[in-house]
Structures are given as C-alpha cells and as structure tokens.
Amino acid sequence: MSEQQAPLLHAVDLKKYYPVKQGMFKPEAEVKALDGVSFTLERGKTLAVVGESGCGKSTLGRLLTMIEVPTGGELTFQGQDLLKHDPAAEKLRRQKIQIVFQNPYGSLNPRKKVGQILEEPLIINTDLSAKERKERALAIMAKVGLKPEQYDRYPHMFSGGQRQRIAIARGLMLNPEVVVADEPVSALDVSVQAQVLNLMMDLQDELGLSYVFISHDLSVVEHIADEVMVMYLGRCVEQGSKEQIFANPQHPYTQALLSATPRLDPEYRRERIKLTGELPSPLNPPKGCAFHARCRFATERCNQEQPKLKDYGDALIACHVVDEQKQAVV
Ligand SMILES: Nc1ncnc2c1ncn2[C@@H]1O[C@H](COP(=O)(O)OP(=O)(O)OP(=O)(O)O)[C@@H](O)[C@H]1O
Ligand SMILES: [Mg+2]
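Below you will find a few notes about this structure. (Residues numbered from 1 in each chain as written. Chains lettered and ligands numbered in written order. Predicted model: local features only at pLDDT ≥ 70, side-chain atom pairs only at ≥ 80, totals over all residues. Heavy atoms only, no water.)

1. Looking at the environment of Q5
Part 1 of the reasoning: Inspection of the secondary structure assignment puts Q5 in the segment before β1 (9-20).
Part 2 of the reasoning: Take Q5: its relative accessible area is 59%, and that puts it in the exposed class.
Part 3 of the reasoning: For the pair Q5 and L63, spaced 58 residues apart in sequence, the C-alpha separation works out to 24 Å. (Helix = DSSP H or I, 4+ residues; strand = E, 2+ residues; numbered from the N terminus. Buried < 20%, exposed > 50% of the residue type's maximum accessible area, 1.4 Å probe, protein only.)

Here you go:
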C-alpha cells in the first residue's frame, strides 16, 4: 500500500494491561485497562472516544501518543509501524502525533512564560534559531487567538479557556497531523467549552488536522465528531458515524449514555434510561458481556459469553441482543 492510500492512523487490537499488587499474600493481578481496541482515523477527521470514567479512554490516548507502550496490538501512521524501536518511528511519534490534556491548570508549567512553554518542543526537536522559534510561537499564538503581548506572561495570568488555548498552541508547535485531545474542555465552563471546540474545528479545517477526541460526555462530541467509538471497560461496544450513533444508537449502553445527554432537538429527546449499578472493576471483570449486570435486555447468554464486536454495515456493535436481531456483514 502506498503512503497516500494507507490510513493516517490505524490501530489494531491495542491492549494495555497493568500489573497491580493486591496485598502481601496475593499474587500480582492484571488490570485490563484497554483490551483490544481497533480503529482507523482518516486525514482531517475526528474520532470521538466516549465512555464512563475508568473505561480506558486516557489509556488509549497514552498509547496513541506513546507516552506508554502497549501490551499488544499494532499501531501505524500512514502505513509505518509506530511501535518499532528505531529513530524514524521515534521521529514520527514525536512530531506527527501530539496530545492536549484536560487540565489547563496542571499541564502548563507555572514557572515558565507562554513563549518558553511553546518553544520547548522546538528546542528539543528542531534546530531552529531563537528568532525562528519566537516567530513560530507568535504565529501559532495568533492562530489560537492569543495576542503577541501575552508571549511574556505566565499561565496563572490567564483564564481557563485561554490556558487551554496555550495547551492547544503547544500541541501544534511541531506541525502535527494527529492531535489526541483528552477531555480538552471538561474543566471549562459550558460557554467557554463552545469557544474552545469552535477553535479546534477551525484549526482542523485550516491545518487539515485529524483528532482523536476523548470525552466522557457525548454532548461535547456531537458537533466535532465524524466517527464515535463508545467504550465500556476497556473495549469498544459500538462504533459508527456520528449521525448513526446519535440518531440510532443500538448498543444498550450507548442508548443509556445518550438518554442521559441533554439534547436540544426534540426529535431526539427520548425516554431516560437509568443506568443502575456500578461500573465493574477491570481488575475483576464480570463473565460474559461486561455490561450485562446493568443491561435491561440481558439474557442468560449475556451472562456467560462475551459478545464479539461485529460489523452490521451501519455500525460495529458488540451485543448478543443486537446480534440476534441483525445480520452481521461477513
Ligand atoms: N498506571 C496504572 N496502573 C494500574 N491501573 C491503571 C493505571 N492507569 C490506569 N489504570 C486503570 O485502568 C482503567 C482505565 O483508566 P483510564 O484512566 O484509561 O480511564 P478513563 O476512561 O480515562 O477515565 P476518566 O474518564 O476518569 O479519565 C482504570 O480502571 C484505571 O484505574
Ligand atoms: Mg481519562
């Protein structure tokens, strides 16, 4: 496959298991934080990854940006293996894929000025002169709506929304193609959330960026997403186009998540499905479908057998109940 044809970012069966100690006399156990996730991200598109706290979203983000090494699976960028231990793969990982974190308070060094924060990646990864670095920082600041005089200010002098603009600017300094945004607006007020989301969409259009946009809140991704992946306990339970997921959610978990999401359009207001019970622990996942204890449709089969993610043409779904009603594409 040529570079042009190969998908921009392609993940196959990505896994991350963490060893955990359970006390002195118990053997070490494994937390399956991510247990086999696959997707394709196309250039200029946004894949939203949603699900409750602890389902493995940030773990996926850390694997995509190679902050952590996967326990298993494949990850390629335009057909090139990102998991290889060689300088070319290392360079791709450092430059082409960047991450923006949730907390604009914690992720910016309070002792450094905006200019220094932005230029740091250039110092590490390029041989640009100080003058060129400053020019680049000012250019990116303008793109994200920051003023030149803010170059010499410290992060604490900015509002939450502006700090997130700085974090986004830092992520763009090396001209990445993929930005993994881990809950980029969750710490912000709703009015500011919309501004930052609009900025991200404008930047996407202007720079041709692709996003993996992580959020526990479906309503946040409704405008920005092209594809949506719904995760539950380290696995994908449903994946489809945004239109499909929002208009016709099919997995009972997606239905419940969506029913808890405020919708403006009355056509989409539906009966509120209450999710009862706790999210099970990935340290001790239930037998069968991980969602069965909270599912209104669960059958005996769901308690025993883990459903596979199958392609039904309009969406990928892992659910026995759906499978009994629909014909999978083989
Ligand atoms: N370093 C680690 N060691 C052991 N367990 C971990 C580690 N990091 C994450 N986990 C566990 O992996 C699971 C997934 O965590 P992760 O942070 O990816 O979830 P998340 O979907 O991002 O949640 P949130 O919405 O709260 O950010 C959780 O059960 C978490 O406790
Ligand atoms: Mg997280």
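On we go from here.
2. Focus: unusual backbone geometry
Part 1 of the reasoning: Of note, the phi angle at E183 is positive, near 50 degrees, even though the residue is not glycine.
Part 2 of the reasoning: Owing to a relative accessible area of 8%, E183 belongs among the buried residues under this scheme.
Part 3 of the reasoning: Backbone geometry places L233, a non-glycine residue, at a positive phi of 45 degrees.
Part 4 of the reasoning: With respect to the helices and strands, the residue L233 is situated in the loop between β9 (227-232) and β10 (235-241).

3. Concerning the site of ligand 1
Part 1 of the reasoning: Around ligand 1, the structure places 15 residues, and the nearest of them are S53, G54, K57, S58 and T59.
Part 2 of the reasoning: For ligand 1, an oxygen atom lies 2.5 Å from a polar atom in the side chain of S53.
Part 3 of the reasoning: C55 has a polar backbone atom sitting 3.2 Å from an oxygen atom of ligand 1.
Part 4 of the reasoning: In the complex, 65% of the free accessible area of ligand 1, which totals 640 Å², lies under the protein chains.
Part 5 of the reasoning: Listing elements by their share of the shell around ligand 1, those giving two or more residues are β1, β2 (29-41) and α1 (57-64).
Part 6 of the reasoning: Its residues assigned to classes, the shell around ligand 1 comprises six nonpolar, five polar and four charged. (Near = heavy atom within 4 Å. Polar contact = N/O pair within 3.5 Å; in protein donor to acceptor, adjacent residues only side chain to side chain. Areas by Shrake-Rupley, 256 points an atom, 1.4 Å probe, with all protein chains shown as cover. Nonpolar A, V, L, I, M, F, W, Y, C, P; charged D, E, K, R; others polar.)

4. Thoughts on the pattern of salt bridges
Part 1 of the reasoning: All told, the structure shown has 17 salt bridges when counted by the stated rule.
Part 2 of the reasoning: In this structure, R294 and E52 form a salt bridge, with 3.1 Å as the shortest nitrogen-oxygen distance. In this pair, R294 is assigned in the loop between α9 (252-259) and α10 (300-304) and E52 in the loop between β3 (46-50) and α1, connecting sequence segments 242 residues apart.
Part 3 of the reasoning: Accessibility expressed as a relative area gives 9% for R294, which makes it buried. (Salt bridge = Lys/Arg side-chain N within 4 Å of Asp/Glu carboxyl O.)

5. Brief notes about the nonpolar core
Part 1 of the reasoning: In terms of nonpolar packing, the biggest core is built from 60 residues, with I168, V221 and V228 touching the most fellow members.
Part 2 of the reasoning: Within the second largest apolar cluster, 27 residues are counted, among which are L9, V49, L92 and C236. (Core = buried A, V, L, I, M, F, W, Y, C linked by side-chain atoms within 4.5 Å.)

6. Let's talk about the packing of aromatic side chains
Part 1 of the reasoning: One pass over the structure, following the stated rule, counts three aromatic pairs.
Part 2 of the reasoning: With a centroid separation of 5.1 Å and an interplanar angle of 80 degrees, the aromatic rings of Y232 and F291 are classed as edge-to-face. Within this pair, whereas Y232 is found in strand β9, its partner F291 is found in the loop between α9 and α10, the two being separated by 59 residues in sequence. Here Y232 and F291 have matching classes, each one buried.
Part 3 of the reasoning: For the pair Y253 and F291, a centre-to-centre distance of 5.2 Å together with 65 degrees between the ring planes defines the contact as edge-to-face. Taken together, the residues Y253 in helix α9 and F291 in the loop between α9 and α10 connect sequence positions 38 residues apart.
Part 4 of the reasoning: Through pairs of rings, three or more aromatic residues link up here, namely Y232, Y253 and F291. (Phe/Tyr/Trp six-rings, centres within 6.5 Å; stacked < 30°, edge-to-face > 60°.)

7. Notes on the packing of helix α3 (residues 114-125) against helix α4 (residues 130-143)
Part 1 of the reasoning: Look at α3 against α4: their axes get within 9 Å of each other, and the N-to-C directions meet at 120 degrees. Remark: the crossing between α3 and α4 carries right-handed chirality. Counting all contacts with α3, which are made through V114, L118, E119, L122 and I123, the residues of α4 involved are R133, K134, R136, A137 and M141.
Part 2 of the reasoning: Class assignment of the residues belonging to the contact of α3 with α4 gives a composition of six nonpolar, no polar and four charged. (Axes fitted to C-alpha atoms, helices over the stretch in contact; angles between N-to-C directions. Left-handed = near helix turned anticlockwise from the far one by under 90°. Contact = heavy atoms within 4.5 Å.)

8. Re the sheet that holds β9
Each strand in a sheet pairs with its neighbour through backbone hydrogen bonds, running either in the same direction (parallel) or in the opposite one (antiparallel).
Part 1 of the reasoning: As summarised here, the arrangement of the eight strands in space is β6-β7-β8-β3-β9-β10-β12-β11, forming an open sheet in which the pairing is mixed. Sheet topology places β6 (97-100) and β11 (310-311) at the edges, where each strand pairs with a single neighbour.
Part 2 of the reasoning: Where β3 and strand β8 (residues 210-215) come together, five bridges link them in parallel fashion. Paired with T46 across the bridge in β8 is Y211.
Part 3 of the reasoning: Lying over the sheet, helix α2 (residues 87-96) contacts β6 and β7 (178-182), oriented at roughly 40 degrees with respect to β6.
Part 4 of the reasoning: Each of β9 and β10 is contacted by α9, which is oriented at about 105 degrees to β9, the strand it contacts most. (Pairing = 2+ DSSP bridges.)

9. Notes on the sheet that holds strand β4 (residues 72-77)
Part 1 of the reasoning: Taken in spatial order, the four strands make up an open sheet running β2-β1-β4-β5, and their pairing is antiparallel. Only two strands of the sheet have a single neighbouring strand rather than two, namely β2 and β5 (80-81).
Part 2 of the reasoning: Relative to β4, β1 runs antiparallel, the two sharing five bridges. Directly across from K15, in β4, lies its bridge partner G72.

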